[in-house]
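Structural overview
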Amino acid sequence: MQTHLTHLEDMVVTGGKAGFDDAITYLIRVAETFRHPNVPLCDIQLKFDGSPSVFFGKYSYQDKPFVATKSLFAKTPKLFQSDDELDNHFDPESKHETTLKIKLSTLLKYVQESNWPDDEFGLVFNADMLFCKLEGFAPTSFKPNTIEYRYNPKSIIGKQIAEAVIGLHIHSYHGDSGNVRYKNKFRHGFFKEVFITPSVSVPHFTTFDSFKQEKFFHHLTRAIMFWRNIHDVPLTTDNSAAIKKYINHCIREKLPISTYVEKYKHIFDYADINILFSCLLELIEAKTILLSSINYDLFGFETTFDGKPCPHEGIVVIIDDKPIKFVDRTVFSYNNFLTQQRAKK
């Protein structure tokens, strides 16, 4: 089961021609959906910077619900149906593990107190946790990971959060077969004292005017032109992994993609590597135009990083139950790197 979302441009690096064709398809379908929101060609979800990623529910063969992290899909799956199981698993001497245990224990309480509707029996939901008030909470904001989400306590969302103990952004579910559906099927109001982000139609909150459309298709056309001129970059498994690491390195160091880096000198041996980078940059520009067309202010949250305003994290685009994330990596991947570096000090 896929537990990590792929960036749009990484589809090209790992998938070659098929990946490039898929990337073009995702971009065009999002653009057309923004142009005609009442006739969507894909599903679009708002992406939240939640943590941890949690699973909850019960398979049809179980007698009671459980909670879990991504370890649910480890070689030896780990899930928790009682506080005793949580106490036995997590190290009380570890601050990180103690915090995680509190979050899972709080979620487990509400999961097991709820009466599961018949049509949701045998389903397991995946969510990003946004807040848990038992571990400390500010009355006008929450910060689950890198981004702080601020809201008006007098707004509808603010009043819902005030009455909640825990907050979730539910984005997918699966049943006994393991086939994942990337929709928020969960019923609002089913949990008591649990805030669940409302389902919103992202395409109806966009301003994709003719000027942006012209720029978008300009970059898309250039990406196709560059792709047709790539003949000497074999995208093997090893090469693809090296190119992805190189791109992440450039983002962390705030270097333009195509900058020569000694550590990755072997990928520059290919004559057409800079044409590939030019292709990726055009795809990124097209993606950025789409992200800039979304009116995030209308969703009820102001987002900040280090106390300064920042854009919302982005969106997840789903076609045929295959999700791809559209994120401005120069902002969010870089901020995540900063946060990780601070945690090590």
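In this report, we go over the structure that sits alongside the text. (Residues numbered from 1 in each chain as written. Predicted model: local features only at pLDDT ≥ 70, side-chain atom pairs only at ≥ 80, totals over all residues. Heavy atoms only, no water.)

As a further point, take the overall build of the chain. When you go through the chain residue by residue, the secondary structure sums to 8 helices and 14 strands. Computed over C-alpha atoms, the radius of gyration of the chain comes to 21 Å, within 12% of the 20 Å expected from 2.2 N^0.38 for 345 residues, which places it in the range of a compact globule. For the chain, the C-alpha atoms occupy an extent of roughly 60 × 45 × 40 Å along the three principal directions. Here the chain holds 345 residues, and 50% of them are scored as buried. Across the chain, contacts joining residues at least 24 apart in sequence account for 71% of those joining residues at least 6 apart. Accessible surface for the chain amounts to roughly 17300 Å². Of this, 50% is attributable to carbon and sulfur atoms. (Helix = DSSP H or I, 4+ residues; strand = E, 2+ residues; numbered from the N terminus. Rg over C-alpha atoms; globule rule 2.2 N^0.38 Å. Buried < 20%, exposed > 50% of the residue type's maximum accessible area, 1.4 Å probe, protein only. Contact = heavy atoms within 4.5 Å. Areas by Shrake-Rupley, 256 points an atom, 1.4 Å probe, with all protein chains shown as cover.)

This part takes up the packing of aromatic side chains. Enumeration over the complete set of coordinates arrives at 25 aromatic pairs. Seen in terms of ring centroids, Phe-20 and Trp-227 are 4.8 Å apart; in terms of plane orientation they differ by 5 degrees. Their pairing is stacked. Here Phe-20 is found in helix H1 (residues 10-35), whereas its partner Trp-227 is found in helix H5 (residues 210-228), with 207 residues between them in sequence. The pair Phe-20 / Trp-227 is uniform in exposure class, with both members buried. Both rings, one in Tyr-246 and one in Phe-277, keep their centres 5.2 Å apart while their planes meet at 25 degrees; by these two values the pair is stacked. Of this pair, Tyr-246 sits in helix H6 (residues 237-252) while Phe-277 sits in helix H7 (residues 273-292), and the two are 31 residues apart along the sequence. An identical accessibility class is assigned to Tyr-246 and Phe-277; each is buried. Through a chain of ring-to-ring contacts, the aromatic side chains of Phe-48, Phe-131, Phe-142, Tyr-149, Tyr-151, Phe-195 and Phe-301 assemble into a single cluster. Over the ring of Tyr-110 we find Lys-109, and its NZ or CZ is 4.3 Å from the ring centre. (Phe/Tyr/Trp six-rings, centres within 6.5 Å; stacked < 30°, edge-to-face > 60°. Lys NZ or Arg CZ within 6 Å of the ring centre and 35° of its normal.)

This part is about the sheet that holds strand S12 (residues 308-309). Strands pair in a sheet through their backbones, by hydrogen bonds, and they do so in one of two ways: parallel or antiparallel. What the 4 strands build is an open sheet, ordered S6-S7-S11-S12; its pairing is antiparallel. Each of the sheet's edge strands pairs with one partner strand only, and the pair in question is strand S6 (141-142) and S12. In terms of strand pairing, strand S7 (residues 148-150) meets strand S11 (residues 302-305) through 3 bridges, oriented antiparallel. The residue bridging Glu-148 from the neighbouring strand is Thr-304, located in S11. (Pairing = 2+ DSSP bridges.)

Quick look at H6 now. Helix length check: H6, at 16 residues, gives a terminal C-alpha distance of 23 Å against a target of 22 Å (1.5 Å per residue), a fit within 8%. Restricting attention to buried positions, one finds in H6 the residues Asn-239, Ser-240, Ala-242, Ile-243, Tyr-246, Ile-247, His-249, Cys-250 and Ile-251. Of the residues flanking the end of H6, it is Lys-254, one or two places downstream, whose phi is positive at about 55 degrees. (Expected span 1.5 Å × (residues − 1).)

Turning next to the pairing of strand S5 (residues 124-132). Within a regular beta strand, the side chains point alternately toward one face of the sheet and then the other, so they alternate between its two faces. A large share of S5 lies buried, amounting to 9 of its 9 residues. Bridging between strand S3 (residues 53-57) and S5 involves 5 bridges; their strand directions are antiparallel. Bridged to Phe-55 within S5 is Asn-126. As defined by bridge partners, S5 adjoins strand S8 (residues 166-174) across 8 bridges and the pair is classed as antiparallel. In the sheet register, Asp-128 faces S8, and the bridge partner there is His-169.

Turning our attention to the pattern of salt bridges. Where charged atoms of side chains with opposite charge meet at close range, the side chains can pair. If you walk through the whole model with that rule in mind, you get 13 salt bridges. A salt bridge links Lys-47 to Glu-313; the shortest N-O distance between them is 3.1 Å. You can see Lys-47 sitting in strand S2 (residues 43-47) and its partner Glu-313 sitting in the loop between S12 and strand S13 (314-319), a full 266 residues away along the chain. Side by side, Lys-47 and Glu-313 carry an identical accessibility label, which is buried. (Salt bridge = Lys/Arg side-chain N within 4 Å of Asp/Glu carboxyl O.)

The nonpolar side chains of soluble globular proteins are, as a tendency, buried together. In this structure, Tyr-246 and Phe-326 are the most contacted members of the largest nonpolar core, which totals 70 residues. In this structure, Leu-86, Phe-90, Leu-100 and Val-194 belong to the second largest nonpolar core, which totals 24 residues. (Core = buried A, V, L, I, M, F, W, Y, C linked by side-chain atoms within 4.5 Å.)

What follows deals with the sheet that holds strand S14 (residues 322-327). With respect to topology, 4 strands assemble into an open sheet ordered S1-S14-S13-S2, the strand pairing being mixed. Each end of this open sheet is capped by a strand with a single partner; those strands are strand S1 (6-7) and S2. Its contacts with the sheet put H1 on S1, S2, S13 and S14, and the angle it makes with S14 is roughly 80 degrees. Running at roughly 85 degrees to S14, H7 makes contact with S13 and S14 of the sheet. (Axes fitted to C-alpha atoms, helices over the stretch in contact; angles between N-to-C directions.)

Turning our attention to helix H3 (residues 95-113). Between its first and last C-alpha atoms H3 spans 27 Å; for 19 residues at 1.5 Å apiece the expected length is 27 Å, and the two agree. Of the residues making up H3, those classed as buried are Leu-100, Lys-103, Leu-104, Thr-106, Leu-107, Leu-108, Tyr-110 and Val-111. For H3, the elements touching its buried residues are S3, strand S4 (66-68), helix H2 (83-89), S5, S8 and strand S10 (194-196).

For S8, a buried count of 9 out of 9 residues is recorded, marking the element as mostly surrounded by other parts of the structure. Across 3 bridges, S8 lies against S10 in parallel orientation. Looking across to S10, one finds that Gly-167 is bridged to Phe-195.

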